[in-house]
Amino acid sequence: MVRCLLRCLSAFSPRRRFPLLKWIPKYSLHAFGLDTIAGLTVGLTVVPQALAYAQLAGLSVQFGLYSSIMGGFVYCLLGTSKDITLGPTAIMSALIAPLVHGDAVYATILAFLCGCVQLLLGLLQFGFIMDFISEPVIKGFTCAASIMICITQVKNLLGLQGIPRQFFLLVYHTFAKLAETRPGDAILSFLCITFLLLLKVMRRKVEDVDSLTVKIVKKITWLASSGRNALVILAAALVSFAFSSLHLQPFVITGEVKPGLPAFHPPPFSDERNGTVITFSHIVQDLGTALLVVPLIGFLESIAIAKAFASENKYPVDPSQELIAIGTTNIFGSFLSAFPVTGSFTRTAVNSQSGVCTPAGGLITGVLVLLSLQCLTPCFYYIPRAALASIIICAVAPVFDIFFIRDLWRVKKLNMLPFMLTFGLCFYEMQIGILAGVAMSLIIALYPLTRPIVLVHYTGPVVVLQPRGALLFLGAESFQEVLQSKILQVEPQLSVILDCSWLSSLDYTAVVALRELQAALQAQRLRLAFVALHADVLEVLLRANLPELKHFESVEQALNWMLGSQDTEYHREMHNGN
């Protein structure tokens, strides 16, 4: 712990902890212009997505905008990626929905506690913790989440009412109430999804054309495609308003939205339901393992996006600093009644393609969100829920990666175990699925250590053992079985050379086994020698104070010493006998 704290203190420097100090001295008017364009373009995407993802999280739509404010401002100061944008995402919203049960207080406290966990891990330089979550676990989670999100939005696509939140009950009641489908919502959903897909396809087709005559069309199409969510929301809200002016309403609409900006105050550390006060400790107990899973998934989603765009645009990112940026965003976001946020792939892609130069583009996006809250909240009343559901489904459907599953089966079938375990259990409870998948991945990774490979060669009166990899407590019993079967239970017993050229590490339990081997050999007046010890392995053996520790650079040197020792011992015994 002391070493970890010292590492944390040694890693602290203003330029590392505040990456803004690296790029602000070189900031130019040209960069400001590009950042402004990127920020406005991302703003056209974040506003409709925020409304949709709040609905997905089971909260009022304004909470999505509350959650979109702080990311741009904090990340501009603390973030190491020029491209990434922090805010609500479909995966995070789906993850927290069953945890908060539509309660904004629970969502805000969850954001605060997640931020604290992420900030602490970042300050302690624990960015490496993501290495323990394998790709099959990540894909198992995201594939299950994409299916669950799409299924949960069917009720909004069809305008169904009275559907419970629990997933399996939701599936049952959705099918049971298909006869109650509202034609207006169903038709609007079909049109919205078709429009979103057409704009997405049109953008790809136009990008394939390189004629000067289509440059203007190319730019207009790119802008329309980047802001397609905003166009869908605007068109659907206008249609809904037109029907309302005729005293008709064929859609299920968002309804009353709290106007204005959120108050800046510490998150509430208690809640009240039906006149009963729920204490902070009770809320923490209710959230349970989510206080570990949600921060890790939030960081995992964000750092994966940051690394992908950093690799594409040739600049470095600091995982531990990213943890600090996300954690700080969630902590300060909770002061604005936000729910947990993370990096968004869709908005990051838009940001990068818009030519953003620095994280300052997030400031423009944040200002646009504030203006939307201040000026546009009365318009949100008419937004059909079917339009928001269409945006969600079009955003998450591509997350289901069938090509990954095919590739995984072809490359390493054993890795299908954590994938399938995560995928299956996520339908029951997401955090259980993730933890189970991580546990299975670790078992698969650690199992070879329980059966260390030990090559055995016999050279006259000497046996040469060559362990491969690491000798740790996991494989201590297996290593002792090798010693028993190849040395201690063999007649006549032989001296032993331990060739450590392939031995990467050694722990205390393995040292105990070596002590026992040395004692057994010495009782028979036999020898134990070590060869080609790596520095860290030699250090462990020296600290263990093995009696008469002999180590050589090669097997030949050890063999010459051992045979010479045996000749000397033989002549000594003959002399004593005479």
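Everything below is about the structure printed above this text.
Participant: How would you explain the layout of surface pockets if you had to name every residue and give the values?
Facilitator: Put simply, the largest pocket is a space of about 1,400 Å³. Along the walls of the largest pocket sit 50 residues, with Ile305, Ser344, Phe345, Thr346 and Val399 positioned nearest its centre. If you tally residues by element for the lining of the largest pocket, the top one is helix α15 (residues 290-313), at 10 residues. The residue inventory of the lining of the largest pocket, partitioned by class, reads 28 nonpolar, 11 polar and 11 charged. Empty space within the second largest pocket amounts to approximately 1,000 Å³. Along the wall of the second largest pocket there are 41 residues; nearest its centre are Leu56, Gly58, Ala97, Arg165 and Leu170. Those elements giving two or more residues to the lining of the second largest pocket turn out to be α4 (29-56), α6 (90-100), α8 (135-152), α9 (154-158), α10 (167-176), α14 (280-287) and α23 (430-450). Counting residues per element, the lining of the second largest pocket draws most heavily on α6, at 4 residues. Among the residues forming the lining of the second largest pocket, the class breakdown is 21 nonpolar, 14 polar and 6 charged.

Participant: Describe the nonpolar core, with residues and values.
Facilitator: Generally speaking, soluble globular proteins have nonpolar side chains that are buried together. Of all hydrophobic cores here, the largest spans 112 residues; its most connected members are Leu65, Leu110, Phe141, Ile149, Leu287, Val294 and Met430. Per-element tally for this core: the top contributor is α15, with 13 residues. Non-local contacts of Leu65, meaning those with residues more than four positions away in its chain, are made with Val47, Ala50, Leu51, Val369, Leu373 and Phe380.

Participant: So what's going on with the pattern of salt bridges? Residues and values would help.
Facilitator: Close approach of charged atoms lets side chains of opposite charge pair. Under the counting rule described, the total for this entry stands at 5 salt bridges. Its salt-bridge partner being Asp83, residue Lys82 comes within 2.9 Å of it at the nearest N-O pair. For Lys82, a relative accessible area of 22% gives the class partly exposed. The salt bridge involving Arg543 is made with Glu539; its shortest N-O contact spans 2.6 Å. One end of the pair, Arg543, and the other, Glu539, are both in helix α26 (residues 535-543), 4 residues apart, so they sit about a helical turn from each other. Given a relative accessible area of 66%, Arg543 falls into the exposed group.

Participant: Could you give me a rundown of empty space enclosed by the protein, with the residues and numbers involved?
Facilitator: Where empty space is left can be seen by rolling a probe of water-molecule size over the atoms. Tallied over the entire structure, the rule returns 1 cavity of 30 Å³ or more. The volume enclosed by the largest cavity comes to roughly 140 Å³. When contributions to the lining of the largest cavity are tallied by element, the ones reaching two or more residues are α4, α5 (62-78), α17 (345-353) and α18 (361-375). Within the lining of the largest cavity, the residues separate by chemical class into 8 nonpolar, 10 polar and 2 charged.

Participant: Please give an account of the packing of helix α7 (residues 104-123) against α15 that cites residues and values.
Facilitator: Their axes nearest at 9 Å, the elements α7 and α15 cross at an angle of 65°. Taken together, α7 and α15 sit at an angle that is classed as roughly perpendicular. Of the two possible hands of crossing, α7 and α15 adopt the one that is right-handed. Every residue of α15 that contacts α7 at Leu110, Leu113, Cys114, Val117, Gln118 and Leu121 is listed here: Leu291, Val294, Pro295, Leu296, Gly298 and Phe299. For the contact of α7 with α15, a count of residues per class yields 10 nonpolar, 2 polar and no charged.

Participant: Describe unusual backbone geometry, listing the residues and the values that go with them.
Facilitator: Generally, phi is negative for residues other than glycine and the peptide bonds are trans, each holding for most cases. Phi is positive for Arg525, which is not a glycine, with a value near 60°. If you trace the backbone, Arg525 turns up in the loop between α25 (508-523) and β9 (528-531). Relative accessible area serves as the criterion here: at 55%, Arg525 is assigned to the exposed category. A positive phi angle, near 55°, is found at Glu548, a position not held by glycine. If you trace the backbone, Glu548 turns up in the loop between α26 and β10 (551-552).

Participant: Quick rundown of helix α12 (residues 215-226)? Include the residues and the values.
Facilitator: The terminal C-alpha atoms of α12 lie 16 Å apart, and with 12 residues this matches the ideal 16 Å at 1.5 Å per residue to within 8%. Taken together, the buried positions of α12 are Thr221, Trp222, Ser225 and Ser226. Angular distribution of buried residues about the axis of α12 spans 130°; they occupy a single face of the element. For α12, the exposed residues lying more than 90 degrees away from the buried face are Ile216 and Ile220.

The rules behind the values
- Residues numbered from 1 in each chain as written.
- Predicted model: local features only at pLDDT ≥ 70, side-chain atom pairs only at ≥ 80, totals over all residues.
- Heavy atoms only, no water.
- 1 Å grid on protein atoms, 1.4 Å probe; cavity = no way out; pocket = protein on both sides within 12 Å on 5 of 7 lines; lining within 4 Å.
- Points joined across faces, edges and corners; volume = space filled by probe spheres on them.
- Helix = DSSP H or I, 4+ residues; strand = E, 2+ residues; numbered from the N terminus.
- Nonpolar A, V, L, I, M, F, W, Y, C, P; charged D, E, K, R; others polar.
- Core = buried A, V, L, I, M, F, W, Y, C linked by side-chain atoms within 4.5 Å.
- Buried < 20%, exposed > 50% of the residue type's maximum accessible area, 1.4 Å probe, protein only.
- Contact = heavy atoms within 4.5 Å.
- Salt bridge = Lys/Arg side-chain N within 4 Å of Asp/Glu carboxyl O.
- Axes fitted to C-alpha atoms, helices over the stretch in contact; angles between N-to-C directions.
- Parallel < 35°, antiparallel > 145°, perpendicular 65-115°, else oblique.
- Left-handed = near helix turned anticlockwise from the far one by under 90°.
- Expected span 1.5 Å × (residues − 1).
- Arc of directions from axis to C-beta.

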